[in-house]
Amino acid sequence: QVQVVESGGGLVQPGGSLRLSCAASGRILRVDAMGWYRQAPGNQRELVATITRGGTTNYADSVKGRFTISRDNAKNTMYLQMNSLKPEDTAVYYCNANVATIPATASRSYWGQGTQVTVSS
C-alpha cells in the first residue's frame, strides 16, 4: 500500500557532501513524523535525525552542525543534506515514515530498503 524509497547514497571523500532523498508513495492520506536512521556493519541501527510534519527537527549529537533534515509535505518527500562527511558516517541510511493511508486510519511506521553511504579517500 505504501512504498518508501531512498536515493542519493554513494561514495564520497572525507569532507565532502551528499544529499539523500526519501519519497513515500501509495494510498497516502497524510505523512506524519519522518526520520533518517543509519546502521554501520556490526552496529545497531541508530537515529540520525527526525522531523515532524510541522518541521520540528531533532539530531543525533554526532551529526549536529553538519547534517540538515528537511521535507516537502506536498511531495511526501524528506531530505538529508550531509556536509563535512567523516569516515565514521559510513553506513546504510534508512528512511522511516509514519503514514496514514486512505481510508483514514491512524498512522503506522514504514521503512525503506536503505541506501549506502561510504566516506573514504
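A brief structural summary. Remember, predicted model here, so these are calculated numbers, not experimental data.

## Concerning the state of the cysteines
Move 1: Counting across every chain of the model gives one disulfide.
Move 2: Covalently, Cys22 is tied to Cys95 through a disulfide, its sulfur atoms 1.9 Å apart. The chirality of the disulfide connecting Cys22 with Cys95 is left-handed, given an S-S dihedral of about -65°. One end of the pair, Cys22, is in strand β3 (residues 18-26); the other, Cys95, is in strand β9 (residues 91-101), with 73 residues separating them in the sequence.
Move 3: Judged by its relative accessible area of 0%, Cys22 falls in the buried class.
Move 4: Its relative accessible area of 0% is what places Cys95 among the buried residues.

## Points about the sheet that holds strand β8 (residues 77-82)
Move 1: The four strands lie next to each other as β1-β3-β8-β7, forming an open sheet whose pairing is antiparallel. Each of the sheet's edge strands pairs with one partner strand only, and the pair in question is β1 (2-7) and β7 (67-72). Within the sheet, the average angular offset between the axes of one strand and its neighbour, ignoring direction, is 15°.

## Remarks on unusual backbone geometry
Move 1: Across the junction of Ile102 and Pro103, the peptide omega takes the value 0°, indicating a cis bond.
Move 2: In this fold, Pro103 is placed in the loop between β9 and β10 (108-111).
Move 3: Even without being glycine, Asn76 reaches a positive phi, approximately 50°.
Move 4: Residue position: Asn76 is located in the loop between β7 and β8.
Move 5: The backbone of Ser84 sits at a positive phi, close to 50°, despite the residue not being glycine.
Move 6: Residue classification places Ser84 among the partly exposed residues on the basis of a relative accessible area of 42%.

## Side note on the side chain of Thr77
Move 1: Its location among the elements puts Thr77 in strand β8.
Move 2: One polar contact links the side chain of Thr77 to the main-chain carbonyl oxygen of Lys75, over a distance of 2.9 Å.
Move 3: Setting aside residues no more than four positions away along its own chain, Thr77 makes contact with Cys22, Ala23, Arg71 and Asp72.

## A few points about the nonpolar core
Move 1: The biggest cluster of nonpolar side chains holds 32 residues, and the ones touching the most others in it are Trp36, Leu80, Met82 and Tyr93.
Move 2: Put simply, the parts of the chain that give this core at least two residues each are β1, β3, β4 (28-39), β5 (46-51), β7, β8, β9 and β11 (115-119).
Move 3: The element best represented in this core is β9, accounting for five residues.
Move 4: Residues within four places of Tyr93 in sequence aside, it is in contact with Glu6, Leu20, Trp36, Tyr37, Arg38, Val48, Phe67, Leu80, Met82, Gly114, Thr115 and Val117.

## Here we look at the packing of aromatic side chains
Move 1: Summed over all chains, the structure comprises one aromatic pair.
Move 2: Arranged with centres 5.0 Å apart and planes meeting at 65°, the rings of Tyr37 and Trp111 form a pair that is edge-to-face. One end of the pair, Tyr37, is in strand β4; the other, Trp111, is in strand β10, and 74 residues separate them in sequence.
Move 3: Its end group placed over the ring of Trp111, Arg45 keeps NZ or CZ at 4.7 Å from the ring centre.
Move 4: The ring of Tyr110 has Arg108 sitting right over it, with the charged end atom 4.2 Å from the ring centre.

Calculation notes
- Residues numbered from 1 in each chain as written.
- Predicted model: local features only at pLDDT ≥ 70, side-chain atom pairs only at ≥ 80, totals over all residues.
- Heavy atoms only, no water.
- Disulfide = S-S within 2.5 Å.
- Helix = DSSP H or I, 4+ residues; strand = E, 2+ residues; numbered from the N terminus.
- Buried < 20%, exposed > 50% of the residue type's maximum accessible area, 1.4 Å probe, protein only.
- Pairing = 2+ DSSP bridges.
- Axes fitted to C-alpha atoms, helices over the stretch in contact; angles between N-to-C directions.
- Polar contact = N/O pair within 3.5 Å; in protein donor to acceptor, adjacent residues only side chain to side chain.
- Contact = heavy atoms within 4.5 Å.
- Core = buried A, V, L, I, M, F, W, Y, C linked by side-chain atoms within 4.5 Å.
- Phe/Tyr/Trp six-rings, centres within 6.5 Å; stacked < 30°, edge-to-face > 60°.
- Lys NZ or Arg CZ within 6 Å of the ring centre and 35° of its normal.

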